[in-house]
Structure formats: structure tokens, C-alpha cells
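# Chain and residue survey
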Amino acid sequence: MTVTHEVTNQAPPLGDFSAADERALVEALRREGGAWGEPEVVALGALAGSAEVQDQARWAEQQPPRLHTHDRYGHRVDEVEFHPAWHRLMTTAVEHGLHAAPWTDGRPGAHLVRAAKFYVWSQAEPGHGCPISMTYAAVPALRAAPELAAQYEPLLAARSYDFGLRAPLTKRGLIAGMSMTEKQGGSDVRANTTRAVPAGDGSYRLTGHKWFTSAPMSDVFLALAQTDEGLSCFLVPRVLPDGARNGLRLMRLKDKLGNRSNASSEIEYEDAVAWPVGEPGRGVRTIVEMVNMTRLDCVLGSAAGMRAGLRQALHHTAHRRAFGRELDRQPLMRSVLADLAVESEAATVLGMRLAAAVDRSQAGDAGEAALRRLALAAGKYWVCKRGSTHAAEALECLGGNGYVEESGLPRLYREAPLLSIWEGSGNVAALDVLRALTRAPEALDAYFAEVEAAAGADRRLDAAVAGLRKLLGGLGDSERAQLMARSLAERLALVLQGSLLVRHSTPAVADAFCASRLDGEWGHAFGTLPPGADLAAILGRARTGGDTA
Ligand SMILES: Cc1cc2nc3c(=O)[nH]c(=O)nc-3n(C[C@H](O)[C@H](O)[C@H](O)COP(=O)(O)OP(=O)(O)OC[C@H]3O[C@@H](n4cnc5c(N)ncnc54)[C@H](O)[C@@H]3O)c2cc1C
């Protein structure tokens, strides 16, 4: 045998790791009232980083779902076939309660603990997070129909993943989807044309199309359709209580940039049986309860993607040498890595703070509900928008290897824009910030109360808060305000992240964040932290594990 070459100077495989091995995450969990969930988060984080689960993630993406519209005899079947790895990922997620646990767990911090678990588990494979997130989010919307909720909520919250087309109430556990977007209207759902006609027995019949409905193998969907009263929300089962198929036709699966493990379909409703959820004509108000929860998961999913990319970048650059030393000892690469670490931590602390606000608002804290209203919109805008840029830079830290599928970075890169598009694309999220400001003035008070908890701790943060007040004072008429909406959403998110980091992170991370994002000469790419930034301290924190006791 001829030895053609020896392999040198390549990073070893990352191997088993723990996705919970992150100080910022564990500190947030303890600080915000979720210490009791730490063992579960740690266990799930270790599972997420295991070779076995990494393998499942690879298979789930490489063998994407396939749609079977008909059987061999020509009967419609409308079923989606998945690789077994997908089902294993779903099973783990459901068994760990990521799909609904907080709705049946009365402990304070239940949403926070679930958020931390969703965050670490999303680092394994983000695609199946879609149906998991939609199931979690469906519950509060469904509660607008107490009778339906009494029947379906226990099954949505059950820790059994029971795949297959059977009457929902005969199954051990259920998965829920969301069916809003139509060809002619996505963000503008009021343009929906799907029609719902009363059947005379309390149910309705839906006829129309949906341009995007992900996870079409879900057992039930929350769908929007027009009634005489206006746009209304409905619960639509795939299989009827008597076991017959409901009138849902899966037309095709989307051929997507990323999110390949997950199926996203075009659906047609043909006289589909549906039950009303909430008041007829108040469909948007009802389904927004669902959207608010999935938006939180978009923030958490983006933060998780950043942490996953950072981990790969830190690993690769610690082992790869160029120009005489390891890449992570080259000053400019250290600046890039530190900047990625600062961004990642800022996303994580914001995501966890938002999850804590869910817990507190569920417990009746009006101030936290008001904070969540504004901060979630700003966070959805900014953190999700930063996800793509972060993924691109993390990928580049691996050089050419990062562009190759086997590295796993392309999967992160492809996934990132989606979190910014669905559940309110960038502009829509920024405009939602404006809406919160005009319709919920108490949200701004709650926001300033939160960020000013750090008043006096950092002059750049103080100046940024003052600058924000000035910006808000100059919004002017509606058109001018719209033109400023992105800047405003960005600023709101950055100031909140800055305040959280100043209060809760290390001086090095807080200083680098304030010096770059809130003040001075921040460049437009990662790796432009001011020269005084304490790179060693930032990288030390990003590398070390979760135990801060
Ligand atoms: C992979 C994938 C899965 C999906 N799964 C689902 C699902 O399960 N269920 C579901 O209901 N939907 C789903 N969607 C649809 C998704 O929620 C929509 O694509 C999204 O909300 C944007 O709507 P749209 O595509 O109609 O774009 P549009 O609404 O046409 O928006 C296009 C662009 O215009 C911007 N825009 C919109 N309004 C304004 C305005 N007033 N001012 C300035 N800019 C504006 C938007 O920000 C966006 O950048 C999915 C989408 C994708 C890509």
C-alpha cells in the first residue's frame, strides 16, 4: 500500500460534549429561579452532546422527510415518512417535557427550566424543535376554548411521543401544529381566504389552502379561517374522533434552504372538521398567545445556534495552527472568538430573562407581562437577526473545513435565517415593537425599570439608556416611526442585553459589550472589539463549564 500523505494539523473530532457546559446559562438558571431544574438541564445537555445524538441529528437532516400523497392503489394517504432518527429526537424531546411540561408543572421557574432544556437540546438538532415548540405554544391559545383544552391539554402535555394517524383522543400523546400562512398573506394574516362555515352542531367546515404548515403529521393544528364575524381560530384534527380521516390534503413539501429534518407542507382543507377556539372574529388575538411562545423559542433557538457555532469555533481554533501558533493564540482570531462569545452570551441571557418573564407573568406579575410584551418583540428582532451573521463568522473560523457539510456548521448556517423569518420576519417584529409602544405604554415603563436596575454601574450603559429615551422622544408620525423601527428595536435589545450583562456577567464580558455595542467605534463585523477588551477573560469564561458554585 502506498501512503500518500500523513494527516497533520487537523483538529480532532469534537467528540462528546455537554451543551449545558456554559456558565452564562447555569448562572441565569440559578439567578432567575430555576436552580431546581439544573440537574435536568445538565443531563439533557450531556445527551445533546453525545455522539449518539449527534449521529441522530446527522441522519435526520441527511434523510429528510418524504411525502406520500397516495398509496399503491391510488387512495390518498397524505402521510409523511421520517427517518427513525427523527422519531428518536422527538421521543427524547417529549420525554423531557420540552413540548409542554410547564403547563402542568406548577413550580415557579417551570418555563425558565423548560427554556434552558430547549436551549441545550436545540444544539443537538434544531429542526425537530419546530413541532416541539408549536406543541408548547398551542396550549395557552387552546385555553381560549376551555372544553377543548380539558380534553386535549392532558394529551398535549403527556410525555409520550405517539406518532401515527389515529383519533387524537385515543393516543398516548399529541403533537400540535400551526396553520396560518396562505399564498396571498403571511405576515398579513387578515388576507387569509380559507373559509369556515358553521356545521350546525358547534363545529365548522374549513375550505381553503395554507401555503406553509410545518410538521404536517401533527395530530392537531390551530388554524385561522374567515367566518362571518371575521378571522377566527380553530382546532383542526388530522383524524376525526370516529377514526376517519379529516379533510386535510398534503399537496407537497417545501424544498427548503435548511430546517431539512422538519417537514413543511402546503395543505388544502376540503370541508375539514374544525372546532372554534376563542371568540369568532378574534382569531388573531387568540393565536397570538401561541405566537408569543414560539417567538420566545425563536430567540432561544438563535441563542442555541450561536452557542453551538461558538463551541465549534473554539474547538477548531484551539487545535489548528497557522503561521507558527494555534489559531486561538493569534490576536486577531482571539478578537473574533471573543466577539462571538460576547454575542452568544448576550443572546443567552436575554433569552433566559424573557423565559423568566413568562413564568412571572403567568403568576400574575403585571410588570413582567408588560416587560415581556416589548422585550420579546425587540429580542425576536435582534437576536434572530444576529443569528445568521454569527453562524457565518463561526463557520469562517474553521476556514474551508467550516464550509464542508461534515463540520456541521453549514447546518447551523442554513437554519439561522429561518428563525428570523417565521413567527414575524424582521420588519414585522420591528413594527411589533412600535405597536407595543403605542398600545401598551406600560411596557416601556417596565422596560426602563428593568434596564435602569443597572443605573450607575457603567457610564456607557447609562448614556445608551439616555440615548434611547431621546430616540423614543423623536419617533414622530407613523411613517417616520416605521423608518426608525429597526434602529429602535435593535437599540432596545442592545440596551437590555447590556443591562443584563453589566449586572450578571463578568466585568470583561460586560465591558466588551458596552464598549462595542453601546459605545464607540464598533465595526460592522465580528472581531472588532476595541483593543482594550480583556480577550483572555472573555474566552476563559466561554470555555469553562457550567459549575459556578
Ligand atoms: C420553513 C418555514 C416553515 C414555516 N412554517 C409555518 C407554519 O407551520 N405555519 C404557518 O402558519 N406559517 C409557517 N411559515 C410561514 C412564515 O411564518 C411566513 O413565511 C412569515 O410569517 C412571512 O410571511 P410571508 O412569507 O407571507 O412573507 P410576507 O408577509 O409577504 O413578507 C415578506 C417580507 O415583507 C416584510 N413585511 C411584511 N409586512 C411589512 C410591512 N408592513 N412593512 C415592511 N415590511 C413588511 C416581511 O418582514 C418580509 O421581510 C413557515 C415559513 C417557513 C420559511
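Before going into details, it helps to say that this report is about the structure given with it. (Residues numbered from 1 in each chain as written. Predicted model: local features only at pLDDT ≥ 70, side-chain atom pairs only at ≥ 80, totals over all residues. Heavy atoms only, no water.)

### Observations regarding the overall build of the protein chain
Counting its regular elements, the protein chain contains 19 helices and 11 strands. For the protein chain, the spread of C-alpha atoms along the three principal axes comes to 75 × 75 × 40 Å. Contacts spanning at least 24 positions in sequence make up 73% of the contacts within the protein chain whose residues lie at least 6 apart. Accessible area of the protein chain: about 22000 Å², with a carbon and sulfur share of 53%. (Helix = DSSP H or I, 4+ residues; strand = E, 2+ residues; numbered from the N terminus. Contact = heavy atoms within 4.5 Å. Areas by Shrake-Rupley, 256 points an atom, 1.4 Å probe, with all protein chains shown as cover.)

### Focus: the pattern of salt bridges
Scanning the entire structure with this criterion turns up 40 salt bridges. Put simply, E326 and R329 hold a salt bridge, and the shortest N to O gap is 3.2 Å. Given a relative accessible area of 19%, E326 falls into the buried group. Here R329 falls in the partly exposed class, since its relative accessible area comes to 46%. (Salt bridge = Lys/Arg side-chain N within 4 Å of Asp/Glu carboxyl O. Buried < 20%, exposed > 50% of the residue type's maximum accessible area, 1.4 Å probe, protein only.)

### Some remarks on the pairing of strand β2 (residues 76-81)
Where strand β1 (residues 66-70) and β2 come together, 4 bridges link them in antiparallel fashion. Bridging across to β2, R66 finds its partner in E81. With antiparallel pairing between neighbouring strands as the criterion, β1 and β2 make up a hairpin whose turn holds 5 residues, including G74 at a positive phi of roughly 100°. (Pairing = 2+ DSSP bridges.)

### Remarks on helix α13 (residues 426-439)
For α13, spanning 14 residues, the distance from its first C-alpha to its last is 20 Å, which sits close to the expected 20 Å at 1.5 Å a residue. Buried within α13 we find G426, A429, A430, D432, V433, L434, A436 and L437. (Expected span 1.5 Å × (residues − 1).)

### Thoughts on the packing of aromatic side chains
This structure, assessed with the given rule, holds 8 aromatic pairs. Ring centres 6.1 Å apart and planes at 85° place the aromatic pair F82 and F163 in the edge-to-face group. On the criterion of sequence distance, the pair formed by F82 in the loop between β2 and α4 (84-95) and F163 in the loop between α8 (146-157) and β3 (176-179) is long-range, its members being 81 residues apart. Look at Y152 and W275: their rings are 6.4 Å apart centre to centre, the planes differ by 40°, and that puts the pair in the tilted class. (Phe/Tyr/Trp six-rings, centres within 6.5 Å; stacked < 30°, edge-to-face > 60°.)

### Details of the environment of G177
Along the chain, G177 falls in strand β3. By relative accessible area, which is 0% here, G177 ends up buried. Placed 51 residues apart in sequence, G177 and P126 show a C-alpha to C-alpha distance of 16 Å. Not counting chain neighbours up to four residues away, the residues in contact with G177 comprise M134, S218, V220, F221, L222 and M290.

### As for the site of the ligand
Near the ligand there are 19 residues, and of these M178, M180, T181, S187 and S214 occur at the shortest range. The backbone of G186 places a nitrogen or oxygen atom 3.1 Å from an oxygen atom of the ligand. Contact distances for the ligand include 2.5 Å between an oxygen atom and a side-chain N or O atom of S187. For the ligand, the accessible surface in isolation is 960 Å², of which the surrounding protein chains cover 66%. For the shell around the ligand, the elements supplying multiple residues, two or more each, are β3, β5 (204-214), α12 (409-421) and α13. (Near = heavy atom within 4 Å. Polar contact = N/O pair within 3.5 Å; in protein donor to acceptor, adjacent residues only side chain to side chain.)

### A look at the side chain of S499
The residue S499 is located in helix α17 (residues 485-504) in this model. Overall, the relative accessible area of 0% leaves S499 in the buried class. There is a polar contact of 3.1 Å between the side chain of S499 and the backbone oxygen of V451. Those residues in contact with S499 that lie beyond four places of it in its chain are E450, V451, A454 and L461.

### Here's the deal with the nonpolar core
In summary, soluble globular proteins display a tendency toward joint burial of nonpolar side chains. Core analysis: the largest hydrophobic core is formed by 175 residues, its most contacted members being L206, L222 and Y447. For this core, the element with the most residues is helix α10 (residues 331-362), which contributes 16 residues. Setting aside chain neighbours within four positions, we find Y447 in contact with L371, L374, L468, R491, L492, V495 and L496. (Core = buried A, V, L, I, M, F, W, Y, C linked by side-chain atoms within 4.5 Å.)

### Regarding the environment of R285
Its location among the elements puts R285 in helix α9 (residues 283-319). As a C-alpha pair, R285 and R76 span 209 residues in sequence and 35 Å in three-dimensional space.

### Considering the packing of helix α15 (residues 459-473) against α17
Here α15 crosses α17 at 155°, and the two axes come no closer than 10 Å. What the angle tells us is that α15 and α17 run roughly antiparallel. Considering the relative orientation of α15 and α17, their crossing is left-handed. Listed contacts from α17 to L461, A464, V465, L468, L471 and L472 of α15 are L488, R491, L492, V495, G498, S499 and V502. Grouping the constituent residues of the contact of α15 with α17 by class yields 10 nonpolar, 2 polar and 1 charged. (Axes fitted to C-alpha atoms, helices over the stretch in contact; angles between N-to-C directions. Parallel < 35°, antiparallel > 145°, perpendicular 65-115°, else oblique. Left-handed = near helix turned anticlockwise from the far one by under 90°. Nonpolar A, V, L, I, M, F, W, Y, C, P; charged D, E, K, R; others polar.)

### With respect to unusual backbone geometry
One non-glycine residue, D78, lies in the positive phi region at around 50°. On the secondary structure map, D78 appears in strand β2. Looking at D78, the relative accessible area reads 2%, which means it is buried. The phi torsion at E423 lies on the positive side, around 60°, for a residue other than glycine.

### Notes on the pairing of strand β4 (residues 195-198)
For β4 and β5, the ladder comprises 4 bridges, and the chain directions are antiparallel. Its bridge partner being in β5, A196 is matched across the sheet by L206.

### Topic: the side chain of R114
Within the secondary structure, R114 is located in helix α6 (residues 110-122). Leave out the neighbours within four places in its chain, and R114 touches G97, L98, P102, I132, S133, Y136 and D297.

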